[in-house]
Amino acid sequence: MEIYRARPHIHGMATLLKLLPLVLIFGYALAVWRGSRWRLEKELSSNSTPLDDAEVAEKIKRLGAAVDLPALSARIYEIEPINGLASPDGRIFITRGLLNWRRSGLFTSDEIAAVIAHELGHIALGHHQRRMAVWAAQNAARVAIIMLLARFVPILGVFIANLLGGLFTAQMSQADEFEADAYATALLIRAGLDPSAQLRILRKLERMGTGAAAGPAWLMSHPATDKRVRRIEDLIEKWTGDAAEARTDSA
Ligand SMILES: [Zn+2]
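What counts, and where the lines are drawn
- Residues numbered from 1 in each chain as written.
- Predicted model: local features only at pLDDT ≥ 70, side-chain atom pairs only at ≥ 80, totals over all residues.
- Helix = DSSP H or I, 4+ residues; strand = E, 2+ residues; numbered from the N terminus.
- Buried ≥ 20, exposed ≤ 12 C-beta atoms within 10 Å, placed from the backbone.
- Contact = placed C-beta atoms within 7 Å.
- pLDDT = per-residue confidence, 0-100.
- Core = buried A, V, L, I, M, F, W, Y, C linked by C-beta atoms within 7 Å.
- Pairing = 2+ DSSP bridges.
- Axes fitted to C-alpha atoms, helices over the stretch in contact; angles between N-to-C directions.
- Parallel < 35°, antiparallel > 145°, perpendicular 65-115°, else oblique.
- Left-handed = near helix turned anticlockwise from the far one by under 90°.
- Nonpolar A, V, L, I, M, F, W, Y, C, P; charged D, E, K, R; others polar.

Looking only at helices and strands, the protein chain has 10 helices and 4 strands in total. Starting at the N terminus and walking to the C terminus, you meet the elements of the protein chain as α-β-α-β-β-β-α-α-α-α-α-α-α-α. Within the protein chain, the proportion of its 251 residues that are buried is 28%. For the protein chain, long-range pairs separated by at least 24 residues make up 65% of all intrachain contacts whose partners lie at least 6 apart in sequence.

Below, the discussion takes up the confidence of the model for the protein chain. Residues with a pLDDT of 70 or more make up 87% of the protein chain, whose mean pLDDT is 84. Element-level pLDDT for the protein chain is lowest in helix H10 (residues 245–250), with a mean of 48, against a maximum mean of 95 in strand E1 (residues 48–50). pLDDT under 50 marks residues 210–214. Its contacts with residues more than four places away, or in other chains, come to 0 contacts.

The next thing to look at is the nonpolar core. Among the nonpolar cores identified, the biggest contains 37 residues, and Leu 63, Ala 113, Ile 116 and Ala 117 are the most heavily contacted of them. Counting only elements with at least two residues in this core, the list comes to helix H2 (54–66), strand E2 (74–77), strand E3 (84–86), strand E4 (92–95), helix H4 (109–124), helix H6 (154–190), helix H7 (197–209) and helix H9 (225–240). Take this core: its biggest share by element is 7 residues, from H4.

Pairing is mixed in the open sheet, where 4 strands are placed in the order E1-E2-E4-E3. What marks the edges here is a single partner per strand, and that holds for E1 and E3. Along the sheet, successive strands turn relative to each other by an average axial angle of 35 degrees, direction set aside. Across 3 bridges, E3 lies against E4 in antiparallel orientation. Residue Gly 84 lies in a different strand from E4, and its bridge partner there is Ile 94. Lying over the sheet, helix H3 (residues 96–103) contacts E2, E3 and E4, oriented at roughly 60 degrees with respect to E4.

As a further point, take the environment of Arg 62. As for its position among the elements, Arg 62 is in helix H2. Accessibility expressed as a C-beta count within 10 Å gives 16 for Arg 62, which makes it partly exposed. In the structure, Arg 62 is positioned 131 residues away from Leu 193 in sequence and 8.3 Å away in space, judged by C-alpha atoms. Among all residues touching Arg 62, those that are not within four sequence positions of it are Ala 191, Gly 192 and Leu 193.

Okay, the environment of Asp 89 next. Mapped onto the elements, Asp 89 comes out in the loop between E3 and E4. Taking the C-beta count within 10 Å as the criterion, Asp 89 has 13 such neighbours and is therefore assigned partly exposed.

A word on the pairing of E2. Both E1 and E2 contribute to a ladder of 3 bridges, which runs antiparallel. Following the sheet pairing, Thr 49 is matched in E2 by Ile 76.

You can see Arg 130 is positioned in helix H5 (residues 127–149). Linking Arg 130 and Met 172, residues 42 residues apart in sequence, is a C-alpha distance of 9.9 Å.

With that settled, consider unusual backbone geometry. Positive phi, close to 60 degrees, is recorded for Asp 68, a residue that is not glycine. Along the chain, the position of Asp 68 falls in the loop between H2 and E2.

Below, the discussion takes up the packing of H4 against H6. It is the contact of H4 with H6, at a shortest axis distance of 7 Å, that shows an interaxial angle of 120 degrees. Between H4 and H6, the interaxial angle falls into the category oblique. For the element pair H4 and H6, the recorded crossing hand is right-handed. Contacts between H4 and H6 involve Ala 113, Ala 114, Ala 117, His 118, Leu 120, Gly 121, His 122 and Ala 124 from the former and Asp 176, Glu 179, Ala 180, Asp 181, Tyr 183, Ala 184, Leu 187 and Leu 188 from the latter. For the contact of H4 with H6, a count of residues per class yields 10 nonpolar, 3 polar and 3 charged.

Pasting the structure below:
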């Protein structure tokens, strides 16, 4: 009897030992993510300058006032690609490339405020932390799937695990983008800014992206423009009673 009673215990240990690699991978992935986040924050700090655009600065102040962050400001990240980004520690950056295009009259300050409102959405909704946790879990899950499938389909297993992981990440980041868009629409309305600026800059970036070898970075990490535009239009109509379509066309 004693022998039988001991068996579940041994099995428990064996299961724990089997899970150990997954726990280690999870921990390692977290460390890798933290490291790259730290490098990004350092790069943003050392390669950025104060925002020298009074009109944009004023719009950011209004966004900040609407979320009880009166000191909200942005800095210029001195790189050419067109991008707006929120660093995981809550700072906001617009790239020199984006501002250059604004100087040449392509983007209005309202449109840049729309990009910033979207980035604020990522911060407010905790997307950075969630992505980190999901990415680490995914690395562990990937190895688990490979280990499970190794017996049946050794090489195909790796392929299947990568495919599943990729699909999951894509779904997840799409959901984040739609959430950040909705947050931005609400915030722009609350700050008394023009929410349809979101639609205009999306369309402009899309036009710039087609034909160019490398499309605007901000767009590449985001879902299809048409889908986003439709959702934002619906929200604007719901929250303001205005049909936003007509206004996009006239801009
Ligand atoms: Zn985004």
